Number of protein chains: 4
Amino acid sequence: MTQQKSEKIGIAMIGHAFMGKAHSQAWRTVGRVFDTPLEPVMQIVVGRDAQTTADSAKKHGWAESGTDWREAVTRDDISIVDICTPGSSHSEIALAALAAGKHVLCEKPLSNTIEEALGMAQAAKKAAAQGIKSMVGFNYRRVPAITFARTLVENGRLGEIYHVRARYLQDWIVDPEFPLVWRLQKEIAGSGALGDIGSHIVDLTQYVTGARIEAVSGILKTFITERPLPSSSSELTAESEGTSSGIGVVTVDDAAVFNATFDNGALGTFEATRFASGSKNDLGFEVFGSKGSIKFNFEDMNVLYFHDHQLPPSEAGFRRIMVTEGDSHPYMSAWWPPGHIIGYEHTFTHEILDFLTDIANDHSPTPSFEDGLQIQLVLDAVIRSSANNSQLTQVERKI
Amino acid sequence: MTQQKSEKIGIAMIGHAFMGKAHSQAWRTVGRVFDTPLEPVMQIVVGRDAQTTADSAKKHGWAESGTDWREAVTRDDISIVDICTPGSSHSEIALAALAAGKHVLCEKPLSNTIEEALGMAQAAKKAAAQGIKSMVGFNYRRVPAITFARTLVENGRLGEIYHVRARYLQDWIVDPEFPLVWRLQKEIAGSGALGDIGSHIVDLTQYVTGARIEAVSGILKTFITERPLPSSSSELTAESEGTSSGIGVVTVDDAAVFNATFDNGALGTFEATRFASGSKNDLGFEVFGSKGSIKFNFEDMNVLYFHDHQLPPSEAGFRRIMVTEGDSHPYMSAWWPPGHIIGYEHTFTHEILDFLTDIANDHSPTPSFEDGLQIQLVLDAVIRSSANNSQLTQVERKI
Amino acid sequence: MTQQKSEKIGIAMIGHAFMGKAHSQAWRTVGRVFDTPLEPVMQIVVGRDAQTTADSAKKHGWAESGTDWREAVTRDDISIVDICTPGSSHSEIALAALAAGKHVLCEKPLSNTIEEALGMAQAAKKAAAQGIKSMVGFNYRRVPAITFARTLVENGRLGEIYHVRARYLQDWIVDPEFPLVWRLQKEIAGSGALGDIGSHIVDLTQYVTGARIEAVSGILKTFITERPLPSSSSELTAESEGTSSGIGVVTVDDAAVFNATFDNGALGTFEATRFASGSKNDLGFEVFGSKGSIKFNFEDMNVLYFHDHQLPPSEAGFRRIMVTEGDSHPYMSAWWPPGHIIGYEHTFTHEILDFLTDIANDHSPTPSFEDGLQIQLVLDAVIRSSANNSQLTQVERKI
Amino acid sequence: MTQQKSEKIGIAMIGHAFMGKAHSQAWRTVGRVFDTPLEPVMQIVVGRDAQTTADSAKKHGWAESGTDWREAVTRDDISIVDICTPGSSHSEIALAALAAGKHVLCEKPLSNTIEEALGMAQAAKKAAAQGIKSMVGFNYRRVPAITFARTLVENGRLGEIYHVRARYLQDWIVDPEFPLVWRLQKEIAGSGALGDIGSHIVDLTQYVTGARIEAVSGILKTFITERPLPSSSSELTAESEGTSSGIGVVTVDDAAVFNATFDNGALGTFEATRFASGSKNDLGFEVFGSKGSIKFNFEDMNVLYFHDHQLPPSEAGFRRIMVTEGDSHPYMSAWWPPGHIIGYEHTFTHEILDFLTDIANDHSPTPSFEDGLQIQLVLDAVIRSSANNSQLTQVERKI
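Computed from a prediction, not measured in an experiment: that's the story for all the values here. (Residues numbered from 1 in each chain as written. Chains lettered and ligands numbered in written order. Predicted model: local features only at pLDDT ≥ 70, side-chain atom pairs only at ≥ 80, totals over all residues.)

Chemist: Can you lay out the packing of helix α1 (residues 18-33) of chain B against helix α9 (residues 346-361) of chain B for me, pointing to particular residues and giving the numbers?
Modeler: Residue and element names in this part refer to chain B. Interaxial distance between α1 and α9 falls to 8 Å at its minimum, and their mutual angle equals 65°. Here α1 and α9 pass one another in a crossing that is right-handed. Residue-level contacts link Ala22, His23, Gln25, Ala26, Trp27, Thr29, Val30 and Val33 of α1 to Phe348, Thr349, Ile352 and Leu353 of α9. Class assignment for the residues of the contact of α1 with α9 results in 8 nonpolar, 4 polar and no charged. (Axes fitted to C-alpha atoms, helices over the stretch in contact; angles between N-to-C directions. Helix = DSSP H or I, 4+ residues; strand = E, 2+ residues; numbered from the N terminus. Left-handed = near helix turned anticlockwise from the far one by under 90°. Contact = placed C-beta atoms within 7 Å. Nonpolar A, V, L, I, M, F, W, Y, C, P; charged D, E, K, R; others polar.)

Chemist: Residue-level account of the interface of chain A and chain B, with values.
Modeler: Residue-level contacts link 33 residues of chain A with 33 residues of chain B. At the level of elements, β7 (161-169), β8 (213-221), β11 (255-262), β12 (267-273), β13 (282-289) and β14 (292-297) of chain A are the ones that each hand at least two residues to the side of chain A that touches chain B. Looking at the side of chain A that touches chain B residue by residue, the classes come out as 13 nonpolar, 17 polar and 3 charged.

Chemist: Residue-level account of the relation of the copies chain B and chain C, with values.
Modeler: Mapping one chain copy onto the other needs a rotation about an axis and a shift along that axis. At an RMSD of 0.0 Å, chain B and chain C line up after a rotation of 180° and a shift of 0.0 Å along the axis. These values place the two chain copies in the arrangement generated by a two-fold rotation axis. Considering only C-alpha atoms, the residue of chain B closest to the rotation axis is B:Gly343, which sits at 2.4 Å. Interface overlap between copies is the fraction of interface residues in one copy that are interface residues in the other; for chain B against chain C it reaches 100%, indicating a shared surface. (Least-squares fit on C-alpha atoms with pLDDT ≥ 70 in both.)

Chemist: With reference to specific residues and values, describe the interface of chain B and chain C.
Modeler: Across the boundary between the two partners, chain B contributes 28 residues, which contact 29 residues of chain C. Every element with two or more residues in the side of chain B that touches chain C is listed here: α1 and α2 (50-60) of chain B. Residues belonging to the side of chain B that touches chain C are distributed by class as follows: 8 nonpolar, 11 polar and 9 charged.

Chemist: Quick rundown of the environment of C:Ile11? Include the residues and the values.
Modeler: Residue and element names in this part refer to chain C. Within the secondary structure, isoleucine 11 is located in strand β1 (residues 7-14). Classification of isoleucine 11 as buried rests on a count of 26 C-beta atoms within 10 Å. Distance from isoleucine 11 to serine 191, taken between C-alpha atoms, is 29 Å for residues 180 residues apart in sequence. Contact partners of isoleucine 11, with chain neighbours within four places excluded, come to Trp27, Pro40, Val41, Met42, Gln43, Ile78, Ile80 and Asp82. (Buried ≥ 20, exposed ≤ 12 C-beta atoms within 10 Å, placed from the backbone.)

Chemist: Could you give an account of unusual backbone geometry, naming the residues involved and the relevant values?
Modeler: Cis rather than trans, the peptide bond between B:Lys108 and B:Pro109 has omega equal to -5°. Residues other than glycine seldom take positive phi values, yet A:Ser390 does so here, at roughly 65°. By secondary structure assignment, the location of A:Ser390 is in the loop between α10 (369-387) and β17 (393-394). Taking the C-beta count within 10 Å as the criterion, A:Ser390 has 29 such neighbours and is therefore assigned buried. At C:Asp362, a residue that is not glycine, the phi angle is positive and equals roughly 55°. A count of 8 C-beta atoms within 10 Å places C:Asp362 in the exposed class.

Chemist: Break down the sheet that holds strand β3 (residues 64-66) of chain A for me, citing the residues and quoting the values.
Modeler: For sheets, the rule is that strands pair by backbone hydrogen bonds, running either parallel or antiparallel. All names here are of chain A. Spatially, β3-β2-β1-β4-β5-β6 is the arrangement adopted by the 6 strands of the open sheet, whose pairing is parallel. Looking at the sheet topology across the chains shown, the edges are occupied by β3 and β6 (134-137). Neighbouring strand axes in the sheet, compared pairwise and without regard to direction, differ in orientation by 25° on average. Sheet topology places strand β1 (residues 7-14) next to strand β2 (residues 38-46); 8 bridges connect them, and they run parallel. Counterpart to isoleucine 14 in the pairing with β2 is valine 46. Along the sheet, helix α4 (residues 90-99) contacts β1, β4 (80-83), β5 (103-107) and β6; its crossing angle with β5, the most-contacted strand, is approximately 170°. (Pairing = 2+ DSSP bridges.)

Printed below as a string of structure tokens:
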């Protein structure tokens, strides 16, 4: 297989904490594993602190570092802006980048407010008319087992869908002494478990089923309402870093539960929490249909369980499919032999592969900013329902 | 171990379908495996059809059969009335039996209406003052793994409880051609998945956590609204028995989902359905607390998963405890060596053991009729919430 | 379904410890759950100590008790002799019973010596010519999942079989202070892990595959060679009962591992041990074939994992079949709805059902004494191989 | 954390098929994720065909490509030679590289013959005296769960070890039409399942237990003895690539089973096969000790199951430890948050990290060539045992 020469394309990444590290790994890897139509050049990473950002650039392999994202997103050698900052700054950066004619990959949630998200979706739509692509980073869609699950549903293997059961369970703040990091502060993070992890299961279940949530009834809960202040905090970079002397108020939800009705008649249950002791990253969902059912758990992400309800009952049951067949499973031909598993970071590599491919082929990437907005509208309906005695609340349509 | 001579006690069982068969097996077995303080005598089984009931008596080992439950519950040689009929007849039989001074074991749900259930709870309370015992048959409490889970919670091993996640998933009516059996008819069954199987997870989660549900927000759903009529139907005995030519309307829910707040501050999610293809009897729950968590699944009922959150994170994780240790696990000393599992029917044997023991020791059995009423009130709140746009609805208190 | 009147048949059970208890439960239950062609009458149980045996009779529901097995096995009202004693007394009792024209159900292992086993097999063959039935109690064959596994193999669903992997792992004597009970004494038990539990996996893998082991290469090992003497010991009844002051020598194997070649070309691996900490009763096997594979684990005995290798690789995987479908899985129509599991004791009920049915229909029961002999010959070859530097050793043929 | 400037070190990689691709990903990633004391420079990749190798260099990010490994291993800008060719060429390349004063990382098996492996171990020993490091690539040791398992054993958490059970099950050649690729040809591959995958479980079980195998008793088996010839074959690069018209003889084993005695008294069972339908890469082991036990399965490689036998039996059981805690689990601090799993390729990154660290710190890497030789000697003993009627055969000591 002779390697085709592919055009280079310059990347600016804004933010370099957890997501920035994951995206860097993906940008570095994608062309080495897949035959990408464009060859990404890791040009510049932007952060708030010059030294920290310079260290990060060197560490993660970016050619340059900087502290001025406005400058970075307008550079001629930059074609893609990759936004890895917290949600509070997404809108401003994305709008500037789109205005500058750059393709934009924006981490989820699209934004912390519906208004901003709407503005972003509208800007993206306008930019799309000029061939400018945008995509919101719901990376878990690119778990091969999940992409494959979507294919099974699309092919009618589940029949009519009756039930969707989704959960995203973590336990990293069960300890009341865990500090008040930015993810627990509404002004930066937008929301808590609901937006951070609940958003993923909203996206995934809609993606896999091909259906949209119409209405929700939910409860948000904050179990620990005050926490020690962290010893330092930076909007763009801080993860947990010890505590200082003060006490602060937790302004986001620790947990969110909601029931949902889908536009295909299915009933959905959702639970997102950071208080499920023993659950590290238990993102999972189950979909039950008239002809078959599936189960997925991210902690064992190379596996999809599939029940074929059309088999004789004596032989039917959930089967453990290792989604690692290069010949037939999505993305896997580029990786390792069957049974040699891939991990979390690969989802970003796949996401970027698809983004580059869509740019090269002038296709519209998914999930779009409009999809990102719709997910925000679902979360907003949960918030409104919770504030309104859990009343079943319609998801608004904005576009 | 010299066997003590124990007093005999006469039993009348009303109804002899699925539950009657399970109870018969338990009455026959309990004294052969456990050292019961009273020796049950399987005196009479009562049904609607004389011949069928006579056959059943012979088959299941009852000395006599009859069709007149009113006569049976007043006989002098009867001390315990075991009610295994559908919910619509529970109240009338139980009240008569209690009035006749008989101890009453009544299958769940306690009754099809709150009014009847309240009357039963009041009658049971009054009878209790005379030493007459009553108990409602939430048999799953007597799964050793569940009884053991209750002990872990009671001993503080889970700490403060944050989350309860419960499900009861079956798939026996996914086929639209499955006939309209009595369990799908409101006038006999009272309710559908909610009352039949949802009631079990309400009871179990309250039992294991020691907390009560205060309010619920739910959605009931009937996916298949019309079904072929069964070829025959008998209030007391009919299970699925083929179809006749007509079509009838399904008057109960196929599925029920609801969120709940507990009086200890925990958040609960509940899902009961007969439309989860691939799930045979997937009764399961998870409880997450500040110090530990548990997971249970009835299809592997001899196992309890326990996560000790107080262990160092490097060594912590859900451990698979086989709850089959005769030396330390509830009920197991009477059965087989560790790892030799027991099954569904044993839960009834344990239930009856405890009932006989309570009668002999003049203790109050649990779950009481009042407990049964409280569960009905939870289900009633779900029904009201569903009818009222899923509003968070307080569980009423009647006693 | 009108119950047919069935002929009564008297049972004498010799021995009343662990196996006696399990068999009693089965004799008591079989006719209440299944439509048996003969109605067993639990006539007499025989033990060494009059009072203990009388207590046992009363407890387990036998009409009489006695201490003279020779008398019992010749009584006119006895047609079946059920031998539940340790292996050292099997031969004498079985020969006497067969000579008296009684059908014999004998617990495994058939005997402690090849010579005795051969004599029993010959006697059984001779008796068979007179219509006298005999069967050796490898109860695990009657786990529905295992019977179903046999059917899958028989129907060609596994194709050509390449690998058999079997294990039986327990941990009840890991503690060096566990006393020297009869099962650790060669003169009573015959052998250790090999004969007690290894025999089961030899039987099961031969049964499921329909193939015979031709040669074996093995290692026997005793990890703890001396143990405290138990406080009391009775040949027929003693299980673990505390320790006395002395120390005794362990004369059986703690563990046995062996490889095997089957007459169908398959390669087998076997491991039986009482030193696998954390394994309670982990009897399991896997069979891999050209068209499919199966996995079974007794601790979750209602489940069979089946991989259909003829499915497209993208959809293939081990599926979890709950073997609880009354319509299609062996033995299950008589029990509970799908997903309502059965346990250890049910295997004995099924065994007795089949024995009674074979007696009524004048069919030859399996496994026969000859089958039991063949299994003893496999174990004997393992012992000889272990003593002979693990040389691959042919299984002898005696009949 | 200010990034320290680290010295650059030039790498030549010989071979660029499956292993070359995996190593390339590791060389490219290691410094971006870990703080390596040396900064690897991916200088040159060497293969047989100029164009293919040039494509591979471009694809995988090597600065140059070449076809003359002798030239490459003596270049001044090369300090590390990474041998990724089939076993038949390992010795020649390694000896040349060591002679040229280069550090050598050599894929397993060390060599196809004991003689060559011995020569390599001796050369490595001699080179070590000059500060030249060598390491054999048993990458699975660097699965964090396995490294952690080793720590548990080292800390005495398993107590005295009784049983080791290991398997490596694949199914990629079950189809008789699968072609005769180089891995099925003895002159290139050295051996079949035994050397290719059996070697991994020999290494892993010795590594985790800290014990050495003393003697083995085994059986090798070739189920399909003739296969279609592949359409093309290249010693250094060919994986499966279709078939041509001819038929060839399979000269290696399809499966190997063997029992082993360890020098700590433990009993081991091993099974390596390419004929286990449904098993993709089922590398797993179990270790049972007096104080605890562990279970591992590579298909779910981020998890270790640990049973603490010192807990009360009522609470003991195998616990599922997600080995993804950055604070306490090996290698994980550099990756993602808990529960965000890593995959197969990461084992190579860890291996290279350790190799670079040992070079920088002048420590001796493990597994050494001598360790590699010892593993070959174990495999050799299996081969001799199989050829000698499975006799228990001592593992030779050569150094």
